[in-house]
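Residue strings, one per chain:
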Amino acid sequence: MTALNEFTGACPNCGDKLVEARYDHDNFDVQAWLQDLKNRPSTLWRYHEVLPIYDTDNIISLNEGGTPLIKSRRLAATLGLKHLYLKDERQGPTGSFKDRQATVAISALVEKDIDEVVVASTGNVAIAYSAYGARAGIHLWAFFPQLTPNDKMREAALYGAEIIKTTGNYDQTKQLAASFAKNKDIFLDRGIKSVAAIEAMKTMAYEIAEQLGTEFHDGEKWRAPDWFLQGVSGGMGPIGVGKGFREMLDFGITDSMPKMGLIQSSGCAPMVEAFNRKQRVATPVEESTTIIATLATGTPGRAYEILYDYVEDYGGHFISASDEEAFQAIRVLAQQDGMSVEPATGVTFAGLFKMVREGVIKPDDVVVVNVSGHTLPVETRILGEQWQKLIDLSETPTSPKVPEASLISAVSAMPVQLKRVVVIEDNQAAARLMSRLLEGRENCEVYLAHNGAAGLNIMREIEPDLVITDLMMPDVDGFTVINTMKADDGLKDIPIVVVSAKELTVQEQQFLDNNIDMLLQKGSFLDDSFVEKIISRLN
Ligand SMILES: *Cc1c(COP(=O)(O)O)cnc(C)c1O
């Protein structure tokens, strides 16, 4: 082992540049530390004993870290998940989890007395480094690939960084930045190969374990989730988080390791492709086709091997999602849980939806999603063209015309025939969501029942056009509801849609095939397409 302040950038024995930080914890009293933490401010520096800074006076901070772990309400209900938590990294000082990396890396530069640095970035690293660099008085040269949105580069420019945009991809841009740094003899940020980056990301794991400890054990004990999910480019986040959980397990602070859900954009998914071929070494993607610059690392190198080994050891899943799926997921998350995220984070949620649908993530699992970055600016692609109504006031300069007539005629042009839908669902949040989706769209009247018996009573009273039922409910379950309907002359012809997260046996599947009109897995009815399917049964 080499002391960090004597480290020259590669292992003195083997020359490997990907190194791991170890701490001299012989005299570390973990229990005393846990007690002391309770009185510390909630920035990531509360864990400074496990961070690579010798002197805390060198810390450059903007109160980063300590982001909330928010329990999902409506999205969780939609997906049929009981414990879905959103680690809201959008609340970092520059709006992404790269603030963690910036505070540790820039503080390390201050400790080493370095006042100029070169970084290659798809956007967020450069923004965060520019802000922290500004505070430290460190001059930043930021290199961006072609794909980076102008707004991101402008933000970095605002903090005073030198902005260099290339016409190449991210890997080419990294090479250019490296040779520039070498020629000019300026310090090059080594990204994922730097101790600071991995150690910084690790703090997310400490926070999550502490926060879940409060949720599940009243703060008496910390807890690892069953899953940690993130959209992956270079892999710094999950590698750091994995290391953090490993350390806590070794300290005896937690007693399990999370599985990793690693999601890439299908237009640039070297890790997912290698994983699907069961290969431990990834083949670089030369021509990335995603427009999501943040996730466009075509050459993951050793990072993939580390993540592959993690998944072998502790479990996990690699999966990809398309840009379209990511944009749809952004809308779903914003409209169900009130969080607006950037496209890279949309990829994560699109992957979550798939993993729930495919049964990889189970209803009882404790799932933490890294809500890695904010959607600012909201890209046109996410909302499409029709997101606003323009009211032209130019012809009436004195008294603006209130657009009453057109609005009223639009409203009154609604279809006239009212359809009655009975929704039987014991999860209140899911029931409310379904009724909102239906009532918002078509001329539906929704009747909610929280158990099977109540549902049957309503049906007998109003003779609905459609019944939507869950399967697993206390007392009278969905199967009994269906059997009762089929045996009742007044009810037997009403179309039935089953929405359920239950894993079906062969017999159950057969029973449903013979008796119902449509089966929807929970998690597949996130949006308008659900309503579309339901409506198709109504006409
Ligand atoms: C950097 C970044 C990612 C990918 O992070 P890695 O852990 O380096 O793969 C995902 N989302 C956002 C918002 C990012 O800025």
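Everything here concerns the structure above.
### Remarks on the overall build of the protein chain
Along its length, the protein chain carries 19 helices and 15 strands. Counting all 539 residues of the protein chain, 53% fall into the buried class. A separation of at least 24 residues holds for 70% of the contacts in the protein chain among residues at least 6 apart in sequence. Working note: accessible area of the protein chain is about 25000 Å², and carbon and sulfur atoms make up 48% of it.

### Describing the site of the ligand
In the neighbourhood of the ligand, 18 residues make up the surrounding shell, with Lys 98, Asn 124, Ser 233, Gly 235 and Gly 237 lying closest. Here an oxygen atom of the ligand and a side-chain polar atom of Asn 124 are 2.7 Å apart. Gly 237 is positioned such that a nitrogen or oxygen atom in its backbone is 2.6 Å from an oxygen atom of the ligand. Considering the ligand on its own, with 380 Å² of exposed area, one finds that the protein chains cover 97% of that surface. Only β7 (227-231) and α8 (236-251) provide two or more residues apiece to the shell around the ligand. Considering each element in turn, the shell around the ligand owes the most residues, three residues, to α8. Broken down by class, the residue content of the shell around the ligand amounts to six nonpolar, 10 polar and two charged.

### Observations regarding unusual backbone geometry
Of note in this structure, Asn 63 is not a glycine but carries a positive phi near 60°. Within the element layout of this structure, Asn 63 appears in the loop between α1 (30-37) and β1 (69-71). Of the residues examined, Asn 63 reaches a relative accessible area of 60% and is grouped as exposed. Phi at Lys 278 takes a positive value of approximately 60°, unusual for a residue other than glycine.

### What to know about helix α3 (residues 98-111)
In a regular helix each residue adds 1.5 Å, so 14 residues correspond to 20 Å; α3 covers 20 Å between its end C-alpha atoms and thus fits that length. Among the 14 residues of α3, 11 are classified as buried, and the element is accordingly described as predominantly covered. Looking at the packing, one finds that the buried side of α3 touches β2 (83-88), β3 (116-120), α4 (124-136), β6 (187-188), α7 (195-217) and α8. Two residues or fewer past α3, Asp 113 is found with a positive phi of approximately 65°.

### Describing the packing of aromatic side chains
What the rule picks out here adds up to 14 aromatic pairs. Relative to Phe 318, the ring of Phe 275 has its centre 4.7 Å away and its plane inclined at 35°; by these criteria the two rings are tilted. With Phe 275 in helix α9 (residues 270-276) and Phe 318 in strand β9 (residues 316-321), this residue pair connects regions lying 43 residues apart in the sequence. An aromatic cluster of at least three residues, connected via ring pairs, comprises Phe 28, Trp 33, Tyr 47, Tyr 206 and Phe 251. A cation sits over an aromatic face here: Lys 174 above Tyr 170, 4.3 Å from the ring centre. Over the aromatic face of Phe 216 sits the side chain of Arg 223, whose NZ or CZ is 4.6 Å from the ring centroid.

### Here we look at the environment of Pro 363
Mapped onto the secondary structure, Pro 363 falls in the loop between α12 (343-357) and β10 (366-371). Pro 363 gets classed as partly exposed once you look at its relative accessible area, which sits at 29%. Residues Pro 363 and Lys 522 lie 159 residues apart in sequence; the distance between their C-alpha atoms is 9.9 Å. For Pro 363, the contacting residues outside a window of four places in its chain are Gly 80, Leu 81 and Lys 82.

### Some remarks on the packing of α8 against helix α10 (residues 302-314)
It is the contact of α8 with α10, at a shortest axis distance of 10 Å, that shows an interaxial angle of 40°. For the element pair α8 / α10, the angle class is oblique. The way α8 lies across α10 gives a crossing that is left-handed. On α10, the residues touching Pro 238, Ile 239, Gly 242 and Arg 246 of α8 are Ala 303, Ile 306, Leu 307, Tyr 310 and Tyr 314. When its residues are assigned to classes, the contact of α8 with α10 shows seven nonpolar, one polar and one charged.

### Notes on the sheet that holds strand β12 (residues 444-449)
Strand order in the open sheet formed by five strands is β12-β11-β13-β14-β15, with parallel pairing between adjacent strands. The open sheet has two free edges, formed respectively by β12 and β15 (518-521), since each of these has just one partner strand. The sheet shows a mean angle of 20° between the axes of neighbouring strands, taken without regard to direction. Each of β11 (419-424), β12 and β13 (466-469) touches helix α16 (residues 452-462); the most contacted strand, β11, lies at about 165° to it.

### Description of the pairing of β13
Burial along β13 is two-sided: the face carrying Leu 466 and Ile 468 and the face carrying Val 467 and Thr 469 are both buried. Across four bridges, the pairing between β11 and β13 is parallel. Directly across from Ile 424, in β13, lies its bridge partner Thr 469. Sheet topology places β13 next to strand β14 (residues 496-500); three bridges connect them, and they run parallel. Paired with Ile 468 across the bridge in β14 is Val 497. For the crossover from β13 across helix α17 (residues 478-486) to β14, the handedness is right-handed.

### A closer look at the sheet that holds β6
Across the sheet, four strands lie side by side as β5-β4-β3-β6; this open sheet has parallel pairing. Whereas interior strands pair on both sides, the edge strands pair on one side only; in this sheet they are β5 (162-165) and β6. Both β3 and strand β4 (residues 139-144) contribute to a ladder of five bridges, which runs parallel. Along β4, the bridge assignment pairs Glu 116 with His 139. Each of β3 and β4 touches α4; the most contacted strand, β4, lies at about 170° to it. Of the strands in this sheet, β3, β4 and β6 are in contact with helix α6 (residues 170-184), which crosses β3 at around 160°.

Basis of the calculations
Residues numbered from 1 in each chain as written. Predicted model: local features only at pLDDT ≥ 70, side-chain atom pairs only at ≥ 80, totals over all residues. Heavy atoms only, no water. Helix = DSSP H or I, 4+ residues; strand = E, 2+ residues; numbered from the N terminus. Buried < 20%, exposed > 50% of the residue type's maximum accessible area, 1.4 Å probe, protein only. Contact = heavy atoms within 4.5 Å. Areas by Shrake-Rupley, 256 points an atom, 1.4 Å probe, with all protein chains shown as cover. Near = heavy atom within 4 Å. Polar contact = N/O pair within 3.5 Å; in protein donor to acceptor, adjacent residues only side chain to side chain. Nonpolar A, V, L, I, M, F, W, Y, C, P; charged D, E, K, R; others polar. Expected span 1.5 Å × (residues − 1). Phe/Tyr/Trp six-rings, centres within 6.5 Å; stacked < 30°, edge-to-face > 60°. Lys NZ or Arg CZ within 6 Å of the ring centre and 35° of its normal. Axes fitted to C-alpha atoms, helices over the stretch in contact; angles between N-to-C directions. Parallel < 35°, antiparallel > 145°, perpendicular 65-115°, else oblique. Left-handed = near helix turned anticlockwise from the far one by under 90°. Pairing = 2+ DSSP bridges. Right-handed = clockwise from strand over helix to strand, strands pointing away.

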